[in-house]
Amino acid sequence: MTKRIFSVLIVAVLLFSCAMMPASAAVTAQPRLDDKADLLTPNEEAILNEALTNLSRQLDCDVVFVTANDLYDTSFPHNNTMQDYADMYYESFGYAPDGILVLVVLSNENGKRGVHFSTSGKCIKRLSDAEREEILDDVIDNHNPDTTSYYEFLYTIALDLQKAVPPHLKWYSPLLALGIGFIIALIIMMILRSQLKD
């Protein structure tokens, strides 16, 4: 009897773990980092790309960073503004419907350095305008590339995104968690009951 109860408990825990894990079906195999402006060393690129891949899996969406010297890239259609460049880049290269693209341009349409967040699908609501502003305030005030490095600047944006965007759970996770909680409570009652009989 005890072995049977223990087996049911193990199955319940495994089901709960699966329910709480983010899905990965919405994450593509596309590159996470496109350093067109050549701001990073090869080693920095590798570390940041791995971090963005892990973040994409955790958030169940494509998280992409792009750096550019200017907005005159002709490899995809756009109207030479930061917003359209970021939006069209994401759409043009086969990323998932849900995603976040961070664009860093050294010379934007006003001739200044700029950072732009582009979101698509469910990520539009998962990353609010206020959260974007908080991330920009943090990296500009505390990790400005003029005094640190672009690697630290970009990596901090990734860390701030991890804090700001809630993990995406499967729709049935709350129901499954409730059911498993009931099963565990029932098992505990059965164990206590058997101990009282002994």
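Computed from a predicted structure; not experimentally measured. (Residues numbered from 1 in each chain as written. Predicted model: local features only at pLDDT ≥ 70, side-chain atom pairs only at ≥ 80, totals over all residues. Heavy atoms only, no water.)

## Focus: the overall build of the protein chain
Helix and strand counts for the protein chain stand at seven helices and four strands. For the protein chain, the N- to C-terminal ordering of α and β elements is α-β-α-β-α-β-β-α-α-α-α. The buried share of the protein chain, taken over its 198 residues, is 37%. Long-range pairs, those at least 24 residues apart, make up 65% of the contacts in the protein chain between residues at least 6 apart in sequence. Split by element, the accessible area of the protein chain, about 11400 Å² in all, is 59% carbon and sulfur. (Helix = DSSP H or I, 4+ residues; strand = E, 2+ residues; numbered from the N terminus. Buried < 20%, exposed > 50% of the residue type's maximum accessible area, 1.4 Å probe, protein only. Contact = heavy atoms within 4.5 Å. Areas by Shrake-Rupley, 256 points an atom, 1.4 Å probe, with all protein chains shown as cover.)

## Regarding the nonpolar core
In terms of nonpolar packing, the biggest core is built from 26 residues, with Val-63, Phe-65, Phe-117, Leu-127, Ile-157 and Leu-161 touching the most fellow members. Put simply, the parts of the chain that give this core at least two residues each are helix 2 (42-59), strand 2 (62-68), strand 3 (99-105), helix 5 (129-142) and helix 6 (150-164). Residue contributions to this core peak at seven residues, all from helix 6. The contacts of Leu-161, once residues within four sequence positions are left out, are Leu-55, Val-63, Phe-65, Ile-100, Val-102, Phe-117, Leu-127 and Ile-135. Of all hydrophobic cores here, the second largest spans 15 residues; its members include Val-66, Ala-68, Met-82 and Tyr-89. (Core = buried A, V, L, I, M, F, W, Y, C linked by side-chain atoms within 4.5 Å.)

## A closer look at the sheet that holds strand 3
One open sheet holds the four strands; their spatial order is 1-2-3-4, and the pairing between them is mixed. Edge positions in the sheet fall to strand 1 (33-35) and strand 4 (114-120), since each has one partner strand and no second. Averaged over all adjacent pairs, the angle separating strand axes in this sheet is 10°, with direction ignored. Note: strand 1 against strand 2, three bridges, orientation parallel. From the neighbouring strand, Leu-33 faces strand 2, where its bridge partner is Phe-65. (Pairing = 2+ DSSP bridges. Axes fitted to C-alpha atoms, helices over the stretch in contact; angles between N-to-C directions.)

## Focus on the pairing of strand 4
Within strand 4, six of the seven residues are buried, which leaves the element mostly enclosed by the surrounding structure. Bridge analysis of strand 3 against strand 4 gives seven bridges, and the strand direction is antiparallel. By the bridge assignment for strand 4, Leu-103 is matched with His-116.

## As for helix 6
Taking 1.5 Å per residue as the helical rise, helix 6 with its 15 residues ought to reach 21 Å, and the 21 Å between its terminal C-alpha atoms agrees with that figure. Among all positions in helix 6, only Tyr-150, Phe-153, Leu-154, Thr-156, Ile-157, Ala-158, Asp-160, Leu-161 and Ala-164 are buried. Residues of helix 6 that are buried sit in contact with helix 2, strand 2, strand 3, strand 4, helix 4 (123-126) and helix 5. (Expected span 1.5 Å × (residues − 1).)

## What to know about helix 3 (residues 82-92)
Because the α-helix completes a turn every 3.6 residues, residues three or four places apart line up on one side. Taken together, the buried positions of helix 3 are occupied by Met-82, Tyr-85, Ala-86, Tyr-89 and Tyr-90. Seen from one end, helix 3 has its buried residues packed into an arc of 120°, which puts them on one side. Elements that come into contact with the buried residues of helix 3 comprise strand 1, strand 2, strand 3 and strand 4. At the C-terminal side of helix 3, Gly-94 shows a positive phi close to 75°. (Arc of directions from axis to C-beta.)

## Description of unusual backbone geometry
Among all residues save glycine, negative phi is the norm, and among peptide bonds the norm is trans. Even without a glycine there, the phi angle at Asp-38 is positive, about 55°. Secondary-structure assignment places Asp-38 in the loop between strand 1 and helix 2. Phi at Asp-60 is positive, roughly 60°, even though this residue is not glycine. Mapped onto the fold, Asp-60 is located in the loop between helix 2 and strand 2. The exposure class assigned to Asp-60 is buried, which follows from its relative accessible area of 6%.

## Section: the packing of helix 2 against helix 6
Where helix 2 contacts helix 6, the axes come no closer than 11 Å and their chain directions differ by 10°. Classed by the angle they form, the pair helix 2 and helix 6 counts as roughly parallel. On helix 6, the residues that touch Glu-44, Ile-47, Leu-48, Ala-51, Leu-52, Leu-55 and Gln-58 of helix 2 are Tyr-151, Leu-154, Tyr-155, Ala-158, Leu-161 and Gln-162. (Parallel < 35°, antiparallel > 145°, perpendicular 65-115°, else oblique.)

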